[in-house]
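Working through the structure, step by step
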Amino acid sequence: MKLLYGTGNPAKLDAMKSRLKNLGIELIGLSDLIADGITVPKVSEDGDTPLQNARQKAIAYYEAFKVPVFSCDSGLYFENVPDEVQPGVHVRTINGKRLSDEEMMEYYAKLVRQYGKLTARYRNAICFVKDENHIYGAMEPSMESEKFILTDIPHSKVRKRGFPLDSMSIDIKTKKYFYDLPADKLGQVAVEDGFVLFFQRILNHAYGIVYEAP
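Source: prediction; values computed, not measured.

Right, let's get into the nonpolar core. Soluble globular proteins: nonpolar side chains tend toward being buried together. With 24 residues, the main nonpolar core has Leu27, Phe70, Ile126, Phe198 and Phe199 as its most contacted residues. Put simply, the parts of the chain that give this core at least two residues each are strand 1 (2–5), helix 1 (10–20), strand 3 (69–78), strand 6 (118–131), strand 7 (134–138) and helix 6 (193–207). Here this core gets seven residues from one element, more than from any other, and that element is helix 6. Excluding its chain neighbours within four sequence positions, the residues that come into contact with Leu27 are Leu3, Tyr5, Leu13, Met16, Lys17, Leu20 and Phe70. Grouped together as the second largest cluster of nonpolar side chains are 22 residues, Val81, Val85, Ala109 and Leu150 included.

Let's shift gears to helix 3 (residues 50–65). Counted at 1.5 Å a residue, the expected span for helix 3 with its 16 residues is 22 Å, and the 23 Å between its end C-alpha atoms agrees. Inspection of helix 3 places Pro50, Asn53, Ala54, Lys57, Ala58, Tyr61, Tyr62 and Phe65 among the buried residues, and these make up the whole buried set. Down the axis of helix 3, the buried side of the element spans an arc of 155°, and every buried residue falls inside it. Check the buried side of helix 3 and you find it contacts strand 1, helix 2 (30–35), strand 3 and strand 6. The positive-phi residue at the C-terminal boundary of helix 3 is Lys66, with phi of around 55°.

Here we come to the pattern of salt bridges. The full count for this structure, using the stated rule, is 14 salt bridges. Taking the shortest distance from any N to any O, the salt bridge between Glu132 and Lys66 comes out at 3.7 Å. With Glu132 in the loop between strand 6 and strand 7 and Lys66 in the loop between helix 3 and strand 3, this residue pair connects regions lying 66 residues apart in the sequence. Note on Glu132: relative accessible area 53%, which makes it exposed. Arg161 is the salt-bridge partner of Glu102, the closest N and O atoms lying 3.9 Å from each other. On the criterion of sequence distance, the pair formed by Glu102 in helix 4 (residues 101–115) and Arg161 in the loop between strand 8 (148–150) and strand 9 (169–171) is long-range, its members being 59 residues apart. Among the charged side chains, a salt-bridge network with shared partners connects Glu45, Lys57 and Asp73.

Let us look at unusual backbone geometry. With a phi close to 50°, Glu45 is a non-glycine residue in the positive phi region. Positionally, Glu45 belongs in the loop between helix 2 and helix 3. Its identity is not glycine, yet Asn80 carries a phi of approximately 60°, on the positive side. Relative to the elements of secondary structure, Asn80 occurs in the loop between strand 3 and strand 4 (93–94).

What follows is about the side chain of Asp171. Mapped onto the elements of the fold, Asp171 is located in strand 9. With residues near it in sequence (within four places) discarded, Asp171 still touches Glu146, Lys176, Phe178, Leu181 and Lys185.

Following the criterion strictly, the structure yields eight aromatic pairs and no others. Their ring planes at 20° and their centres at 5.4 Å tell us that Tyr122 and Phe148 sit as a pair that is stacked. One end of the pair, Tyr122, is in strand 6; the other, Phe148, is in strand 8, and 26 residues separate them in sequence. Like Phe148, Tyr122 is buried. Counting every residue linked through ring pairs, the aromatic cluster contains Tyr5, Phe70, Phe198 and Phe199. Positioned over the ring face of Tyr77 is Arg123, at 4.4 Å from the centre of the ring. Over the ring of Tyr207 we find Lys130; its NZ or CZ atom is 4.7 Å from the centre of that ring.

For the largest pocket, the calculated volume is near 1,300 Å³. Together, 44 residues line the largest pocket, and Asn9, Lys12, Lys57, Asp73 and Arg98 are the ones closest to its centre. Of all the secondary structure elements, the ones that give two or more residues to the lining of the largest pocket are helix 1, helix 3, strand 3, strand 6 and helix 5 (183–190).

Moving on: the side chain of Asn124. By the secondary structure assignment, Asn124 is in strand 6. A polar contact of 2.6 Å, which involves the side chain of Asn124, links it to the side chain of Ser74. Polar contacts involving the side chain of Asn124 include one to the main-chain carbonyl oxygen of Met143, which spans 2.6 Å. Residue contacts for Asn124: discarding those within four places in its chain leaves Asp73, Ser74, Ala138, Met139, Glu140, Met143, Glu144, Ser145, Glu192 and Phe195.

Reading guide: rules and limits
- Here the residue numbers are simple positions, counted from 1 along each chain's written sequence.
- Where totals are concerned, whole chains, interfaces and linings use all residues; where local detail is concerned, this predicted model gives features only for residues with pLDDT of at least 70, and gives and counts side-chain atom pairs only at 80 or more.
- Neither water nor hydrogens contribute to the side-chain values; these are computed over all heavy atoms in the structure.
- Put simply, a nonpolar core is a bunch of buried Ala, Val, Leu, Ile, Met, Phe, Trp, Tyr and Cys residues held in one set by side-chain atoms that sit within 4.5 Å of each other.
- Buried residues are those whose accessible area, probed at 1.4 Å on protein chains only, stays under 20% of the maximum for their type, while exposed residues exceed 50% and partly exposed ones sit between those limits.
- Where helices and strands are cited, they refer to DSSP runs of H or I of at least four residues and of E of at least two residues respectively, numbered from the N terminus.
- The contact definition used throughout considers only heavy atoms, calling two residues in contact when any of these lie within 4.5 Å.
- For a helix, the expected span equals 1.5 Å multiplied by the number of residues minus one.
- Regarding the arc, it is the one traced by the directions from the helix axis to the C-beta atoms.
- One speaks of a salt bridge when a side-chain nitrogen belonging to Lys or Arg is within 4 Å of a carboxyl oxygen belonging to Asp or Glu.
- Aromatic contacts are taken between Phe, Tyr and Trp rings whose centres are within 6.5 Å, Trp giving its six-membered ring; a plane angle under 30 degrees counts as stacked, one over 60 as edge-to-face, and the others as tilted.
- Only lysine NZ and arginine CZ atoms are considered, and such an atom sits over a ring when it is within 6 Å of the ring centre and within 35 degrees of the ring normal.
- For each structure, a 1 Å grid was placed over the protein atoms alone; sets of points admitting a 1.4 Å probe that cannot get out are labelled cavities, open sets with protein on both sides within 12 Å along at least five of seven lines are labelled pockets, and lining residues have an atom within 4 Å of a point.
- Grid points are joined across faces, edges and corners, and a volume is the space filled by probe spheres set on the points.
- Any N or O atom pair separated by 3.5 Å or less is treated as a polar contact, with the protein-specific requirement of one donor-capable and one acceptor-capable atom, and with residues adjacent in sequence counted only for side-chain atom pairs.

In structure tokens:
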């Protein structure tokens, strides 16, 4: 089964491909459409929650291409920082400006230096559109990341473009940078188990595909 993942971020596409490969799902991304000369619409993503943004994107891409499509969105939340500096859904957009990977690292490093090492969590959402009458969305605790520490000292390895904060993120249990985690663990950090369960449920409902429990 081929699905369109409504993202232009190659790192996110690769991470999702890896997590969904055992479900027999073949993914293409917006960059694949652009490479074929197809114009991709811009979506405002002005929702107040990750689920609202995911729904906006998925519906917009379905209306443009008329193929089954899903989109995801995330919000970053810190413990013990004022509400006015909580990134929420605006992880990359600060004061109305969309930051580059390098600018993101600089901004969040300053935040860490101001408040100390930050305990953080991503809250994630997904929306899948099969057609006009079948739209599925979820923002569940199983889609949230585990808590982690954001530091102002980046890992010495080259960053993976599209995930700049991973180089500043430390796993609480192992005290290791995300980049030092085993490949399967890092893949789970990028795409939580809740997303896999979501696809098992909606593909069963929408297409009658049944997955056996591992």
